[in-house]
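Examining the three-dimensional arrangement
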Amino acid sequence: MFKRILTAACAVILLLTGCGSDYSDAQVEVPSNWAEYTVENMDFRFEAGWKSGNWDNVMAETDKQAGTIGTNNNLAVFGRLVAPTSAQDTTNYMDFGYWEMGHQVETVELEALMEPINDLLLHIKKTGIESNDLQSSRIRFYGEVEALTCSYQLEKERVTCVMQMALIPHGSRVYFICLSDFTTGEDNSMLEQLLSTLSFND
């Protein structure tokens, strides 16, 4: 009970001061040759060479996957970046979307999602996809934004994908970024590097 009261008090103090963060600072340096990107109202720096891709089928696929695990999909997808084809003849993707919450979203609200996200692997395995938890959900501060991040390795029919995901509260929305890496087969700091340069231009 004391821990809950202390957490609530810290959240109120944070809102009143309007500065700083209640979460650990995880901002990292990015390579100087990374390019500048804008997707909708999000500005960030990332590896050069990524191009805007067609996301028409992304929404259909997320609806299908949500149905498979018995949930509703309210994610509005608004962008996709596609990496240059790798030497292994694989292509990586980065998808962007948001959930409209109807109220001013505070980062502390994302804490309630951490355990369900960690349990997501159990639901994924029911679809016949092998899955491993590379990074359990956590909330960190990255320069101008706070974000909940996690990472999974998925494998089906000898195709391996490392998915790094971030949820970022901003205004009345929770923004979603998903980096799907079919090339390296391992977790890395690329998503954290993107988040460290992320800002909203609205």
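Residue numbers here run from 1 along each chain, matching the order of that chain's written sequence. For this predicted model, a pLDDT threshold of at least 70 governs which residues receive local features, and a threshold of 80 or more governs which side-chain atom pairs are given and counted, while totals over whole chains, interfaces and linings are taken from all residues. No hydrogens and no water enter the side-chain calculation; it runs on all heavy atoms of the structure.

A few points about the pairing of strand E6 (residues 130–142)
At least two DSSP bridges between two strands are required for those strands to pair. Each helix corresponds to a stretch of at least 4 residues labelled H or I by DSSP, and each strand to a stretch of at least 2 residues labelled E; elements are numbered beginning at the N terminus. One ladder, built from 10 bridges, connects E6 with strand E7 (residues 145–156); its direction is antiparallel. Along E7, the bridge assignment pairs Glu130 with Glu155. Linking E6 back to E7 in an antiparallel pair, the connection comprises two residues, with Gly143 at a positive phi of about 70°.

What to know about the sheet that holds strand E9 (residues 173–181)
Taking strand neighbours across the sheet as the criterion, the seven strands line up as E3-E4-E5-E9-E8-E7-E6 in an open arrangement whose pairing is antiparallel. Looking along the sheet, the strands with just one partner apiece sit at the ends: strand E3 (51–52) and E6. Where E3 meets strand E4 (residues 76–82), two bridges bridge the pair, whose relative direction is antiparallel. Each bridged residue has a counterpart across the sheet, and for Ser52 the counterpart in E4 is Leu81. Note on contacts: a residue pair is in contact if any heavy atoms of the two residues lie within 4.5 Å. Helix axes are fitted to C-alpha atoms over the stretch in contact, other axes to C-alpha atoms as well, and angles between N-to-C directions run from 0 to 180 degrees. Set on the sheet, helix H5 (residues 190–197) makes contact with strand E5 (93–100), E6, E7, strand E8 (159–170) and E9; between it and E8 the angle comes to about 25°.

Quick notes on H5
For each residue, the accessible area found with a 1.4 Å probe, counting protein chains only, is set against the maximum for its type, and the residue is called buried under 20%, exposed over 50%, and partly exposed in between. For H5, the buried fraction is high: seven of the eight residues fall into the buried class. What H5 keeps buried is the set Met190, Leu191, Glu192, Gln193, Leu194, Leu195 and Ser196. Each element contacted by the buried residues of H5 is listed here: strand E2 (42–46), E5, E6, E7, E8 and E9.

Things to note about the sheet that holds strand E1 (residues 35–39)
The strand order E1-E2-E10 describes an open sheet built from three strands, whose pairing is antiparallel. Of all the strands in the sheet, just E1 and strand E10 (199–200) have a single pairing partner and so form its edges. Packed on one face of the sheet, H5 meets E2 and E10 and runs near 130° to E2.

Looking at the environment of Arg173
Tracing the backbone through its elements, the reader meets Arg173 in strand E9. In this structure Arg173 comes out as partly exposed when scored by relative accessible area, which is 25%. In the structure, Arg173 is positioned 72 residues away from Met101 in sequence and 5.6 Å away in space, judged by C-alpha atoms. Apart from the residues within four sequence positions on either side, Arg173 is in contact with Tyr98, Trp99, Glu100, Val105 and Ile168. What qualifies as a polar contact is a pair of N or O atoms within 3.5 Å, subject to a donor-acceptor requirement within protein and to the restriction that residues adjacent in sequence count only when both atoms come from side chains. Looking at Arg173, its side chain comes within polar contact range of the side chain of Tyr98, at 3.4 Å.

Let's talk about the confidence of the model for the protein chain
Note on scores: pLDDT gives the predictor's confidence for each residue, bounded by 0 and 100. Here the protein chain averages 82 in pLDDT, while 79% of its residues score no lower than 70. Counting contacts from residues 63–72, a segment whose pLDDT is below 50, to residues more than four positions away or on other chains yields eight contacts.

Points about the nonpolar core
Note on terminology: a nonpolar core comprises buried Ala, Val, Leu, Ile, Met, Phe, Trp, Tyr and Cys residues joined through side-chain atoms within 4.5 Å. In terms of nonpolar packing, the biggest core is built from 29 residues, with Phe44, Phe46, Met94, Phe96, Ile168, Ile177 and Leu195 touching the most fellow members. Where this core is concerned, the elements lending two or more residues are E1, E2, E4, E5, E7, E8, E9 and H5. For this core, the element with the most residues is H5, which contributes four residues. Ignoring sequence-local partners within four residues, the contact set of Phe96 consists of Val39, Met42, Phe44, Ala76, Val77, Phe78, Gly79, Arg80, Leu81, Phe176 and Ile177. The next biggest cluster of nonpolar side chains, apart from the first, holds 20 residues, and it includes Tyr152, Leu154, Cys161 and Val174.

What to know about unusual backbone geometry
Only a minority of non-glycine residues have a phi that is not negative, and only a minority of peptide bonds are not trans. Of note, the phi angle at Glu40 is positive, near 60°, even though the residue is not glycine. Despite not being glycine, Arg158 shows a phi value in the positive range, around 65°. Tracing the backbone shows Arg158 in the loop between E7 and E8. For Arg158, a relative accessible area of 80% puts it in the exposed group.

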